[in-house]
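# Examination of the molecular architecture
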Amino acid sequence: SLPDDLSLARYFLYDRLEEGLGSKAAVLFGERRWTYDEVASKSRRMAGLFAAHGIRRGERVLIVLPDAPPFAWTFFGVLTRGAVVAMGNPNAPEENLAYLVAYTRATAIVTVPEVAEKLRPIVERHDSEVLAMFVVPDVATGDDPEKPVPMAFGGKVIELAPALAKAPEAPVTKVHRDEPAIWLFTSGSTGEPKANVHTGRDFAFNTEVYAKKTVGYRESDVTVSVPRLFFGYATGTNLMFPFAVGATAGLFSERPTPESLANAIAMYKPTVVTNVPTMLGKLLEYDAELEAAGKPRLNLSSIRFSLSAGEALPGPLLARWQARFASDVYDGIGSAEMFHIYASNRPGDVKIGSLGKVVEGYELRVLPEEAEGAGATPCAPGEIGVLWVKGDSVSQGYWLDRDKSFRTFHGHWCRTGDLFHMDAQGYLYFAGRADDLLKVGGQWVAPLEVEECMLEHGAVAAVAVIGIEDEGLTKTKAFVVLRAGHAAHPDLAVQLQEHVRTTLAKYKYPRVVEFVEDLPKNDRGKVDKKALRAQHAR
Ligand code: 3SK
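Here goes a summary of the coordinates provided. Keep in mind the model is a prediction, meaning the values are calculated, not measured.

### Considerations on the nonpolar core
Formed by 148 residues in total, the largest nonpolar core has its most connected members in F75, I182 and F243. Ignoring any residue separated from it by four or fewer positions in sequence, one finds F75 in contact with I63, V85, M87, I182, T235, L239 and M240. Grouped together as the second largest cluster of nonpolar side chains are 21 residues, L438, L455, Y509 and V513 included.

Structure, rendered in C-alpha cells:
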C-alpha cells in the first residue's frame, strides 16, 4: 500500500538518487544525455523558480512543450513544488491554447516561443491569473534546448534557461497521496476537452501494477515513444515508467513519421517502444518500400516489446508485424479517466485481436448498455456490452463538469461508454464506441468489424469506415490506404466490397470506397473520423 505522504517527484525521480542511480542516463536527446542527478538538480531549480514567482501548492502549471529534455525537468519541477501538472499540445491552434489557459486557471505556463507569442496578450491582461510564462527554445526546430531564445522578454514573460541557472534548488513540498497532482485531458469526440483530476496515488498505483508487474519495465530499458509526452499514454510510458525503474527515456521532437521513428530507433536502440496502430502499419509499409528500393530494411532487433494503445490494434496488422519482426506488441486499453492501461496483453500471454486480460489490481465488468450501476448482471461471455472498470487510479472527476462526472464515475467505478466483449478465459475484445455504431438499412453495422475485415485483404494498408447520409439514408463508406504495389482502381474497390460481402454478413459491405493517400489523425495518433466526415461533406 502507498504511504499517506506521497510526492510523485520523490516516487519517480528523487528516490532514484537514493538508490545510487544519480550518474545514470535519465534522458537522451540526439547526441546529448542528462543523468538522474542533472534532471533532479534542474527539477529542484524549476521548483525554486516557481516558488520565487509565487506559484503555490495545488495551483496548475500548464506545460505546452515538445518532446525534449525541458519537458522532464518542468514536469518534475511542478511536482517538486507540490503544484499540479496540466499539459497541452504545442501544435494546437491558438483558440485551443487560450481555452486551456482559461479552463485550467493556470498560474504559470512553460512553453516554446511560438506558443508564448500567441498567449502573450492573454498573459499580459491586467486580470490574468498567470503570474509567469517561462519560455524555452523551440527545440522542435532543432535548436539547442539551452541556447538563448529569440524573442522579447520582460514582465511576466521570462526566458527559462538563465532564470533556471540562477534559481535556488527547492526542497520537495510535502503532499498527501490523495492531493491532486496531474490533470489528464479526455479527447472526447464532442465539446471542449475536459480534464480528469488525478491524485498522486493514481500514478503510483498504475506504475506498480501495470508498468512494473504486467509488462515489466526494467532498469536496463531505453524507451522511445510515437505519441507525444503531453498525451497521458506517453507521459506514462516514456517519462514516468522509465523513471520509476531507473531506465532511460529517449526523446525526439520531430513529427513522428516512419522515417523520424526509424532514426530514433537507430540512434537510441530502444528496448521498449510506445506505439499506436497506425504507426505500426506505416512502419510495415515503409519497411516494404525500403526492400522494394533495394535499401537496408528496418532493424528493430533492440526492441524487447512495443506497446499499442489509443485505438484498436487490428489482429491482421499484429499478425503481419509478428511475421516480419518476430517481436511482441502488448496491446492494451487505457484512458485518461483511469490514468493508464488497465487491461493488456503481456509477456508470454499475447492473444491476437484481443486487448489481453485485466491488469492485476483492477476489476472489469461488461454490462448491458442500460445498466445504471456496476452491480447490474454482467453480459455472458462473448456478449457485447459497455465496459466498466474499477481501480485505485480512477479520476476524482472532471474539472468544472459535475454532470459528465456523475454519468461516468460511480463510486470506485468508471463507466467507459465503449463496447467490448470478454471471452470465458477473461480476454477482452473491443467492439467499438457505442456512438460509432451505424444503422444501415435497418441493421446495425460496427465500423470496426468492417475495418478489420478489409485489413485482411492483401491490398489494404489502413482503412477507416464512417457513416454517410445519402438521400436521408445512412450508408457506410470506407476510406482505404493501399499497400505498396497496389494501384487505386474501380475494380479493386469492387473486389474489396466483395471481400466484405463474402466474409461478413452481406449488408455490412461498404457502399462507397474511396482510395486516399493517408488517414487524418488527431494529436493523440488516433484516426480522426470527424475530419473524414468533413472531408466527405466537401
Ligand atoms: O486515451 C487513451 O487511449 C489512453 C491509452 C492508454 C493510456 C492512457 C490513455 C489516456
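Moving on from the model shown.
### Side note on the site of the ligand
All residues adjacent to the ligand are F231, Y233, A309, G310, G334, S335, A336, F339, H340, I341 and K526. Contact between the ligand and K526: an oxygen atom at 3.1 Å from a side-chain N or O atom of the residue. Contact with the protein chains covers 92% of the free accessible surface of the ligand, which is 280 Å². Taken together, the residues that form the shell around the ligand break down as 6 nonpolar, 4 polar and 1 charged.

### Section: the pattern of salt bridges
Applying the stated criterion across every chain, the model contains 29 salt bridges. As a salt-bridge pair, K390 and E363 come within 3.9 Å of each other at their nearest N and O atoms. Here the residue K390 occupies a position in strand β18 (residues 385–390), and E363 occupies one in strand β17 (residues 363–367), the gap between them amounting to 27 residues. Judged by its relative accessible area of 27%, K390 is partly exposed. What you see here is one network of salt bridges that share partners, running through D287, E291, R297 and R324.

### Quick notes on the sheet that holds strand β1 (residues 25–29)
Overall, mixed pairing links the 9 strands, which are arranged β2-β1-β11-β10-β12-β13-β14-β15-β16 in an open sheet. Two strands lie at the open edges of the sheet, namely β2 (32–35) and β16 (357–358), each paired on one side alone. Bridge count for strand β10 (residues 222–225) against strand β11 (residues 248–251) is 2 bridges, and the pairing is parallel. When the bridges of β11 are listed, V222 appears paired with T248.

About the thresholds
- Residues numbered from 1 in each chain as written.
- Predicted model: local features only at pLDDT ≥ 70, side-chain atom pairs only at ≥ 80, totals over all residues.
- Heavy atoms only, no water.
- Core = buried A, V, L, I, M, F, W, Y, C linked by side-chain atoms within 4.5 Å.
- Buried < 20%, exposed > 50% of the residue type's maximum accessible area, 1.4 Å probe, protein only.
- Contact = heavy atoms within 4.5 Å.
- Near = heavy atom within 4 Å.
- Polar contact = N/O pair within 3.5 Å; in protein donor to acceptor, adjacent residues only side chain to side chain.
- Areas by Shrake-Rupley, 256 points an atom, 1.4 Å probe, with all protein chains shown as cover.
- Nonpolar A, V, L, I, M, F, W, Y, C, P; charged D, E, K, R; others polar.
- Salt bridge = Lys/Arg side-chain N within 4 Å of Asp/Glu carboxyl O.
- Helix = DSSP H or I, 4+ residues; strand = E, 2+ residues; numbered from the N terminus.
- Pairing = 2+ DSSP bridges.

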